[in-house]
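Structural characterization, general
Chain residues, written in single-letter form:
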Amino acid sequence: MPLTRRSLLTGAAGGCLAVAAGHSAFASPKRFFRIGSGSSGGMYYPVAGLIAAAISNPHTSSDCAVGGVCGVPGLFAVAQTSGGSLDNIRRLLGGSVESILCQADIARRAAQGEMTGIDPAKGERLRVIAYLYPEYLHVVVRRASSIRRFADLVGKRISLGDMGSGTRFDGPMLLAAFGLRPGTLEIHVLSSVAAAAAIRDDELDAFLQISGVPSTAISGLASQRLINLLPVQGVVANNVISQRPSFQTAQIESGIYDHIGVTPSISVGALWVTTDALSEELVYELTAALWSPATMAYIEENNEQLAPQITLAHALTGVDVPPLHAGAAKYYEEIGLI
């Protein structure tokens, strides 16, 4: 029985090698490829799992063009949990993963040598494989609270995200854009899952999350009518964009979350990032596997809400710093996107 994409996804998401009956895991040399993602309750982790399944082809199954697996021959990819974008950058530059998912603003600052604790010489080696989808700033507040505007957050309990996350890195800048000083709030360091639980238990008044939509943690709260989202617009949005040019104005559409209408916000790209240490040939193959029709169909089958956001037409959206990897650039040139 051939190794199916579903079994590959199980192996990718769980970090375990899935082996079909009749095949030995060590029958031939394999190339293992790690993708740094995020917490198990965030969006990076399932997206990395989907990508890992799409690019894997450890047993060099039949050719993609005739209905076979469209992954890279001999490659087995796994998604690894992490603290988020900042943690991923550190892992990638430290050599413990081969690629990562990362907020565009975090990757930009690391590449420009503007991130404390990141060697500028190493940051210059970051390279982009693809823009994947937009991530939106969610300012989540308890519906039962009196919070209706940013000034109402003064004195309240708020989480700025988990350590290592892009939200946590951007947190102080976001508070300043909101017109708030850290000393006027009770700051907590919680993952989105932990923050959602704290909202339910009335142990937290608000939390920030930069993520793709819909966020699982926020969806659960919205379905129970426990939260509102504060609009991020006007001067506040402009304040953020002036500090982080990777952000742009956006809106969270009505229907994304139950009982929450259209909400003005800002968004930043989620990028698939590696370094120039990967060969041009391998990254070309990875890029081709990602954008194959079979992969797009597979993503649609497994995540109907995410699928329309990951499109080849937007693969280069906002990609400038870090630059494209040479292997990815070769693929995009061949198909006429560059």
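Because the structure is a prediction, the values reported are computed rather than measured.

Conventions and cut-offs
- Residues numbered from 1 in each chain as written.
- Predicted model: local features only at pLDDT ≥ 70, side-chain atom pairs only at ≥ 80, totals over all residues.
- Heavy atoms only, no water.
- Helix = DSSP H or I, 4+ residues; strand = E, 2+ residues; numbered from the N terminus.
- Buried < 20%, exposed > 50% of the residue type's maximum accessible area, 1.4 Å probe, protein only.
- Contact = heavy atoms within 4.5 Å.
- Areas by Shrake-Rupley, 256 points an atom, 1.4 Å probe, with all protein chains shown as cover.
- Phe/Tyr/Trp six-rings, centres within 6.5 Å; stacked < 30°, edge-to-face > 60°.
- Lys NZ or Arg CZ within 6 Å of the ring centre and 35° of its normal.
- Pairing = 2+ DSSP bridges.
- Arc of directions from axis to C-beta.
- Core = buried A, V, L, I, M, F, W, Y, C linked by side-chain atoms within 4.5 Å.

With that settled, the discussion passes to the overall build of the chain. Assigned secondary structure in the chain consists of 12 helices and 12 strands. Evaluated residue by residue, the chain yields a buried proportion of 55% over its 338 residues. Taking the intrachain contacts of the chain between residues at least 6 apart in sequence as the baseline, contacts between residues at least 24 apart amount to 73%. Entry remark: accessible area of the chain is about 13,900 Å², with carbon and sulfur atoms responsible for 52%.

Those residues of helix H12 (residues 326–334) that sit buried are Gly327, Ala328, Ala329, Tyr331 and Tyr332. Against strand E6 (126–142) and helix H10 (280–290) lie the buried residues of H12.

A separate point is the packing of aromatic side chains. Evaluated as defined, the whole model comprises 4 aromatic pairs. Measuring from ring centre to ring centre gives 4.2 Å for phenylalanine 150 and phenylalanine 178, while their planes differ by 15 degrees; the resulting arrangement is stacked. In this pair, phenylalanine 150 sits in the loop between E6 and strand E7 (157–159) while phenylalanine 178 sits in the loop between helix H6 (166–177) and strand E8 (186–188), placing the two residues 28 residues apart along the sequence. Relative accessible area serves as the criterion here: at 8%, phenylalanine 178 is assigned to the buried category. Taking the centre distance of 5.6 Å and the plane angle of 70 degrees together, the rings of tyrosine 331 and tyrosine 332 count as edge-to-face. On the accessibility criterion, tyrosine 332 (0% relative accessible area) is buried. Ring-pair connections join several aromatic residues into one group, and the members of that group are Tyr284, Tyr331 and Tyr332. In this structure, lysine 330 is placed above the aromatic ring of tyrosine 284, and the distance from its NZ or CZ to the ring centre is 5.2 Å.

Moving on: the pairing of E6. In terms of burial, E6 is largely enclosed, as 17 of its 17 residues are buried. When E6 meets strand E12 (residues 263–275), the two strands line up antiparallel, connected through 9 bridges. Residue pairing across strands places arginine 127 opposite threonine 274, the latter belonging to E12. Where E6 lies against strand E9 (residues 206–211), 6 bridges are found, and the strand directions are antiparallel. Directly across from valine 140, in E9, lies its bridge partner phenylalanine 207. Where E6 and strand E10 (residues 227–229) come together, 3 bridges link them in antiparallel fashion. Bridging from a neighbouring strand, arginine 142 pairs with isoleucine 227 of E10.

Buried within helix H7 (residues 192–200) we find Ser192, Ala195, Ala196, Ala198 and Ile199. Buried residues of H7, viewed axially, fall in a sector of 160 degrees; they line one side. Here the buried face of H7 lies against E6, E7, E9, helix H8 (216–223) and E10. Directly beyond the C-terminal end of H7, a positive phi value near 55 degrees is found at aspartate 202.

Most of strand E5 (residues 99–103) is tucked away: 5 of the 5 residues are buried. Side chains Ser99, Leu101 and Gln103 of E5 all project onto a buried face; the interleaved residues Ile100 and Cys102 project onto the opposite face, where all are buried too. Both strand E1 (residues 31–36) and E5 contribute to a ladder of 2 bridges, which runs parallel. From the neighbouring strand, glycine 36 faces E5, where its bridge partner is isoleucine 100. Relative to E12, E5 is paired through 4 bridges, and the arrangement is antiparallel. Along E12, the bridge assignment pairs glutamine 103 with alanine 270.

The subject of this paragraph is the nonpolar core. If you look at the biggest cluster of nonpolar residues, it comprises 46 residues, and the most contacted ones within it are Ile89, Leu153 and Phe178. At the level of elements, helix H3 (85–94), E5, helix H4 (104–111), E6, H6, E9, helix H9 (234–243) and E12 are the ones that each hand at least two residues to this core. The element best represented in this core is E6, accounting for 6 residues. Among all residues touching leucine 153, those that are not within four sequence positions of it are Val141, Ile147, Ile158, Leu180, Leu185 and Ala206.

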